[in-house]
Amino acid sequence: MTKTSSCLSILQISDLHILAKPEESLQGVNTAYYFQAVLRQAFAELRDVDLLLLTGDLTQYGSLTGYQFILEVLEAYQIPALCLPGNHDYADFMGQVFSGGLVSCEKQRLFGDWQLICLNSQIPGEDCGIIEAEELQFLEACLQAYPEHHALIAVHHPCFKTQSAWLDTMIIKNSQEMLAVVGKYPQVKAVTCGHIHQEMDMPLNGIRLLGTPSTCFQFKPESMTFALDDAMPGYRHLQLFADGRIETSVSRLPGKLTGLSPDIYDH
Ligand SMILES: [Fe+2]
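The structure presented is a predicted model; accordingly, all values stated were derived computationally and were not measured. (Residues numbered from 1 in each chain as written. Predicted model: local features only at pLDDT ≥ 70, side-chain atom pairs only at ≥ 80, totals over all residues. Heavy atoms only, no water.)

**Points about the sheet that holds strand S8 (residues 150–155)**
The condition that has to hold: For two strands to be treated as a pair, DSSP must find no fewer than two bridges joining them. Working definition: helices are DSSP H or I runs of at least four residues, strands are E runs of at least two. Numbering for both runs from the N terminus. Between N-to-C directions, angles cover 0 to 180 degrees, with each direction set by a line fitted to C-alpha atoms, over the stretch in contact for helices. By the convention used here, residues are in contact when the closest approach between their heavy atoms is within 4.5 Å.
Read from one edge to the other, the open sheet built from six strands follows the order S6-S7-S8-S9-S11-S10, with strand pairing classed as mixed. The open sheet has two edge strands with one neighbour each: strand S6 (108–111) and strand S10 (200–204). Recorded for the sheet is a direction-independent mean angle of 20° between the axes of neighbouring strands. Summarising the sheet, S8 and strand S9 (residues 188–193) pair through five bridges and their orientation is parallel. If you follow Ala-154 over to S9, its bridge partner there is Thr-192. Relative to strand S7 (residues 114–119), helix H4 (residues 133–145) is tilted by about 175°, and along the sheet it contacts S6, S7, S8 and S9. Sheet contacts for helix H5 (residues 175–183): S7, S8, S9, S10 and strand S11 (207–211); angle to S8, the most-contacted strand, approximately 165°.

Put into structure tokens, the structure is as follows:
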């Protein structure tokens, strides 16, 4: 897929779950291998990428070496990257490692007619998410400051239900409060998240709520309890147009994911 002229091209990857040592596996899946394989495929398929967006769970246990490995891989592409934390991440180490240059934890950036806002939904030590009052104020301040810019919001946890009972206990606790803020600003076009390790694209009051696959193992859609799917790792491509339109699609590595060995899922 090539970039259509005059649009912003964003490559979103999520839920890398990188371990302290790149040779280690989680749920039978070598997370470091698939992270790199997804990026290789994305850059082969997408002619132009303006920005990489990483929506949380970059590492499984918040290891410093995990973030350093991610930085090394990302820097090789020489493209700006914005990273936000998920429930598995250790935000202090993220901030230390992604501290400037091309790869950063910046929470807001303008690109032409668009504003990208990255929110932190992490509750340290817990699996579910929340948009704390300070973060809601930040969101509102960004939207008030740039009313003429279309807005894309990125956040780790979903603000919508997924029809998977076990995952739906871990959405943003105060989703309604967040969506009430979003609803006041018609320039918001979409909210894109990670966490659910599967693809979703749902309309809500004129905006799109997007979920992006993991770059490693996938969760089985519409499952009552934790279950893995054999769908392959993938990425989301977002094209943001000057008129506010979004075109987006998910692409996955070919085949079926083999070698899965489900452990008790440690969120
Ligand atoms: Fe995850």
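**What to know about the packing of helix H1 (residues 31–45) against helix H2 (residues 64–75)**
Note the threshold: Geometric relationships in this document are graded by angle, where less than 35 degrees denotes roughly parallel, more than 145 denotes roughly antiparallel, 65 to 115 denotes roughly perpendicular, and other angles denote oblique. For a crossing to be left-handed, the near helix must be turned anticlockwise from the far one by less than a right angle; the clockwise case is right-handed. In this classification, the charged set is Asp, Glu, Lys and Arg, the nonpolar set is Ala, Val, Leu, Ile, Met, Phe, Trp, Tyr, Cys and Pro, and all remaining amino acids, among them Gly, are polar.
Relative orientation of the contacting elements H1 and H2 amounts to 20°, with a least axis distance of 11 Å. Overall, the two elements H1 and H2 adopt an arrangement that is roughly parallel. Here H1 runs over H2; the crossing is right-handed. Side by side, H1 and H2 meet where Ala-32, Phe-35, Gln-36 and Leu-39 of the first sit next to Phe-69, Ile-70, Val-73 and Leu-74 of the second. Looking at the contact of H1 with H2, its residues break down into seven nonpolar, one polar and no charged.

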